[in-house]
Amino acid sequence: MSEEKDPKKAAPEVPETSDKKEAEEHQVLKEKAQEERIAYAKKHPHSKEAQERAAEVMQDSDAEADDGKPKKKKGMTRRQFSAISGLSIAALVGVGALTKWGVTQHAVATGQVVLNPTPKKMIIVYPDRCSGCQRCEMACTLKNDHKLNSNTARIKVWRNYMYGKSMDSGDGAMRNLQFSQDYCKQCRVALCMQACPVSAIVVSERNGARIVLDDRCIGCGTCTEACPWHMPTVDKVTKKSTKCISCGRCARHCPNGAIGFIDWIDIADEILAKEGRQSTEEMLELNWGGSVDYE
């Protein structure tokens with residue numbers, strides 16, 4: 001009687017196909033090239049490679065609206081606006097250039113409106129309009145993290161929810177139900193960017209935002225400690241820092257209009273329309289050839 005053979009041992013070995021080998025070799029070469037690219041970008045944070053990585057992070061963040069339709073591109077920066085108008089932020093409020101957006105001297109003086117200029121946008125916050133619904137946090141993290149997480153939201157309402165900005169401020173759900181939004185100021189001198197030990201925060205060429213490159217970030221939290229408002233937040237799951245990229249999604253989804261991102265070119269158009277001067281597009285083309293130069 002012949003001995004029964006183990007079917008597993010009896011089965012001949014199937015050689016790997018050439019297509020599979022080529023795919024594996026291609027993947028190895030691809031990973032090696034990516035590692036070399038990251039290493040170079042770390043040594044040269046303002047190089048072309050670093051900006052390409054920043055562009056990947058920013059991809060589609062402000063190029064399309066929520067309905068998928070292309071948005072009209074705005075090409076004026078804070079620096080260009082200042083050169084054209086000759087007005088400071090205080091002067092803008094004083095001459096009534098921002099009244100279209102509800103910004104008056106009285107509103108600013110009483111804290112009803114808070115202004116924060118960034119390289120490509122004027123962020124206008126209306127604290128009294130915030131109802132604490134946290135929809136801005138949800139919209140932010142769904143867009144940027146593909147999940148709901150108030151902790152990693154780039155705009156933060158939750159941490160001021162119960163007692164306001166401090167235990168004795170009299171704000172929040174436990175006091176007068178007035179909530180305050182904390183948001184990234186996109187500082188001209190960004191302490192988070194200066195403090196990062198691996199140069200993981202760079203300036204986006206698209207809109208001037210200071211953004212985090214995940215493939216560089218080591219999740220050390222130095223940026224959080226360096227920021228006066230502790231806005232960058234390390235995701236406990238991914239171990240990467242999260243930071244605002246000025247996509248404006250929070251503003252688009254706020255039901256009360258408690259925060260807005262206003263293009264500098266729209267503010268310039270408002271001023272020029274009142275004065276009957278040449279169009280903003282003509283002035284940009286005349287002075288800068290229509291180019292964008294971020295601070």
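About the cut-offs
Residues numbered from 1 in each chain as written. Predicted model: local features only at pLDDT ≥ 70, side-chain atom pairs only at ≥ 80, totals over all residues. Heavy atoms only, no water. Helix = DSSP H or I, 4+ residues; strand = E, 2+ residues; numbered from the N terminus. Buried < 20%, exposed > 50% of the residue type's maximum accessible area, 1.4 Å probe, protein only. Contact = heavy atoms within 4.5 Å. Areas by Shrake-Rupley, 256 points an atom, 1.4 Å probe, with all protein chains shown as cover. Pairing = 2+ DSSP bridges. Axes fitted to C-alpha atoms, helices over the stretch in contact; angles between N-to-C directions. pLDDT = per-residue confidence, 0-100. Phe/Tyr/Trp six-rings, centres within 6.5 Å; stacked < 30°, edge-to-face > 60°. Lys NZ or Arg CZ within 6 Å of the ring centre and 35° of its normal. Core = buried A, V, L, I, M, F, W, Y, C linked by side-chain atoms within 4.5 Å. Arc of directions from axis to C-beta.

Another point: the overall build of the protein chain. From N to C terminus, the protein chain includes twelve helices and nine strands. By the burial criterion, 40% of the 295 residues in the protein chain qualify as buried. Look at the contacts in the protein chain between residues 6 or more apart in sequence, and 58% of them connect residues 24 or more apart. Here the protein chain displays about 16,800 Å² of accessible surface, and carbon together with sulfur accounts for 53% of that area.

This part is about the sheet that holds strand 2 (residues 121–125). The strand order 1-2-9 describes an open sheet built from three strands, whose pairing is antiparallel. Each end of this open sheet is capped by a strand with a single partner; those strands are strand 1 (114–117) and strand 9 (259–263). Here the average twist between neighbouring strands, direction ignored, is 20 degrees.

Take the confidence of the model for the protein chain next. Per-residue confidence for the protein chain gives a mean pLDDT of 78, with 70% of residues at or over 70. Confidence drops under pLDDT 50 across residues 1–16; counting only partners more than four residues distant or on other chains, this segment forms two contacts. Ignoring residues within four places in sequence, the model shows residues 290–295, a span with pLDDT below 50, making 24 contacts including any to other chains.

In terms of burial, strand 9 is a largely internal element, five of the five residues being buried. Where burial is concerned, the two faces of strand 9 agree: the one with Ile259, Phe261 and Asp263 and the one with Gly260 and Ile262 are both buried. Sheet analysis places strand 2 next to strand 9, joined by five bridges and oriented antiparallel. The partner of Ile124 across the bridge, within strand 9, is Gly260.

One pass over the full model with this rule turns up two aromatic pairs. Centre to centre, the rings of Tyr161 and Phe179 are 4.8 Å apart; their planes meet at 20 degrees, and the pair counts as stacked. Of this pair, Tyr161 sits in the loop between strand 3 (155–156) and strand 4 (182–183) while Phe179 is found in the loop between strand 3 and strand 4, placing the two residues 18 residues apart along the sequence. Looking at Arg129, its charged tip hangs above the ring of Tyr126, at a distance of 3.8 Å from the centre. Over the ring of Tyr183 we find Lys185; its NZ or CZ atom is 4.4 Å from the centre of that ring.

Now for the nonpolar core. Of all hydrophobic cores here, the largest spans 21 residues; its most connected members are Leu92, Leu98, Met122, Ile124 and Ile267. Those elements that place two or more of their residues in this core are helix 4 (78–85), helix 5 (89–94), strand 2 and helix 11 (264–275). Top element by residues in this core is helix 11. It accounts for five residues. Residues contacting Leu92, with those up to four places away along its chain left out, are Phe81, Leu87, Ala97, Leu98, Met122, Trp264, Ile267 and Ile271. With 14 residues, the next largest nonpolar core counts Cys136, Phe179, Cys250 and Ala251 among its residues.

Our focus in this paragraph is helix 4. Regarding helix 4, the residues found buried are Arg78, Gln80, Phe81 and Ile84. With its buried residues spanning 160 degrees around the axis, helix 4 presents them on a single face. A positive backbone phi angle near 70 degrees is found at Gly86, which sits one or two residues after helix 4.

Not every positive phi belongs to a glycine, and His146 is a case in point at roughly 60 degrees. Of note, His146 is situated in the loop between helix 7 (135–144) and strand 3. His146 sits in the exposed class, given a relative accessible area of 69%. Unlike most non-glycine residues, Lys239 shows phi in positive territory, near 65 degrees.

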